[in-house]
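Structural overview
Below are the chains, spelled out letter by letter.
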Amino acid sequence: MTDAQTAPGGAAGAPPRVFSGIQPSGGLTLGNYLGALKRFVEMQDSGVETLYCLVDLHAITVWQDPAKLRHATRELAAGFIAAGIDPARSILFNQSQVSAHAELGWVLNCVARMGWLGRMTQFKDKAGRNRENASVGLFAYPCLMAADVMVYHTTHVPVGEDQKQHLELAREIALKFNHDYEVDFFPVVEPVIEGAATRVMSLRDGTKKMSKSDASDMSRINLTDDADTISLKIRKARTDSEPLPDNLAALSERPEARNLVNIYAALSDQTPEAVVAQFAGQGFGSFKPALAELAVSVLAPINDEINRLMGDVGEIDRILGAGAARADAIARPILEQTYDIVGMVRAR
Ligand code: AQP
């Protein structure tokens, strides 16, 4: 078939629908919170239908201890709710309970091209030098991610900067499907990458993304960290000895300083420009305590609520089950139409 780039656009006039997910591959970090979760809550309040998914099938693309995965999935659900996701207003569920994701993922494996997946930088980073030993799932991950989005005819996906390339691929896959089957069926999704903290960096290395799976716990702030741990990690965060300048351009060669300014801005709902204007001329001896105080004031109530919710995992499982049933009711008919378009015989 011909190249996806030349295909016509996706389903016209699809009503707006928001979908996004986070992997239960560890505890939530400040990066996940500022780059994704905080914005999920804002979108929930925008009046558009919102679906939020704990993408457990993605998590197993690298080895996960089963007991830890189960715990992390429940704790992630608690984190979503504690941060403000209301399971009555948003559809909150874990991916493996809605089998339409994996089923559409298979169809899309057959639409995407090896060359497209081979260009994904996240695969190259995660597989490292030993690519032959990476799981097939890690390679095919972007097709499952495209399915996550497409199986709801999603129009908007709030994500951090690191997911931009995967969403561009999801757009290509939707276009190629529509083109190959001569339909206008899948909408071409819009990534929503906004805010002061679309890429929160490691506290130990300002050129590296803050990540759940970084070997160093000091590189990240976890949503389950207590106030003392948050303050300690900010105090020990790598910085330089210069005071903060009065403009952002002067931070271009100071990634660690820029990162802390961005974090302060995102936590306080200000622009980074406003933060440098406020702290101009001050050193990290005064900026770090101010940042620690702000971070604790935002994160401590979330931490307390996660702990409270984790006291009743039966209730968390019930919420996820109810969310999965609502998600399935949207996804199943779209999957059935997909099977029909592709030419599968279905019971009537
Ligand atoms: N450092 C970050 N800054 C801003 N946004 C971030 N996100 C992740 N890290 C940052 C956003 O969080 C959402 C969920 O990400 P994910 O858990 O599905 O996978 P990830 O991007 O690979 O996150 P991690 O923390 O780095 O997980 P591991 O270590 O397991 O790979 C996405 O919207 C992402 O952009």
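Located above this text is the structure these notes cover.
Residues numbered from 1 in each chain as written. Predicted model: local features only at pLDDT ≥ 70, side-chain atom pairs only at ≥ 80, totals over all residues. Heavy atoms only, no water.

As for the pattern of salt bridges
- Taken as a whole, this structure holds 19 salt bridges when the rule is applied.
- The shortest N-O distance in the salt bridge between Arg308 and Glu305 comes to 2.9 Å. Of this pair, Arg308 and Glu305 both sit in helix H12 (residues 284-309), three residues apart, which is roughly one turn of that helix.
- Residue class for Arg308 comes out exposed when judged on its relative accessible area of 54%.
- Several salt bridges converge on common partners, so that one network encompasses Asp217, Arg220, Asp225 and Lys233. (Salt bridge = Lys/Arg side-chain N within 4 Å of Asp/Glu carboxyl O. Helix = DSSP H or I, 4+ residues; strand = E, 2+ residues; numbered from the N terminus. Buried < 20%, exposed > 50% of the residue type's maximum accessible area, 1.4 Å probe, protein only.)

A short note on the site of the ligand
- As a matter of local geometry, the ligand sits amid 23 residues, with Lys126, Asp162, Ser211, Lys212 and Ser213 nearest to it.
- Within the backbone of Gly160, an N or O atom sits 2.8 Å from an oxygen atom of the ligand.
- Interatomic distance of 2.9 Å between a backbone N/O atom of Met210 and a nitrogen atom of the ligand.
- Bound to the protein, the ligand loses 97% of the 640 Å² it would expose on its own. (Near = heavy atom within 4 Å. Polar contact = N/O pair within 3.5 Å; in protein donor to acceptor, adjacent residues only side chain to side chain. Areas by Shrake-Rupley, 256 points an atom, 1.4 Å probe, with all protein chains shown as cover.)

Some thoughts on the layout of surface pockets
- Considering only enclosed or pocket space, the largest pocket measures out at about 1200 Å³ in volume.
- Residue lining of the largest pocket: 45 residues in total, with Gln122, Lys126, Asp162, Gln163 and Lys209 positioned closest to the centre.
- Among the elements of the structure, strand S1 (17-22), helix H1 (30-44), helix H6 (121-127), helix H7 (136-150), strand S4 (156-158) and helix H8 (164-180) are those that each provide at least two residues to the lining of the largest pocket.
- Counting residues per element, the lining of the largest pocket draws most heavily on H1, at five residues.
- Its residues assigned to classes, the lining of the largest pocket comprises 15 nonpolar, 20 polar and 10 charged. (1 Å grid on protein atoms, 1.4 Å probe; cavity = no way out; pocket = protein on both sides within 12 Å on 5 of 7 lines; lining within 4 Å. Points joined across faces, edges and corners; volume = space filled by probe spheres on them. Nonpolar A, V, L, I, M, F, W, Y, C, P; charged D, E, K, R; others polar.)

So, to be careful, I would describe these as geometric facts and stop short of saying anything about function.
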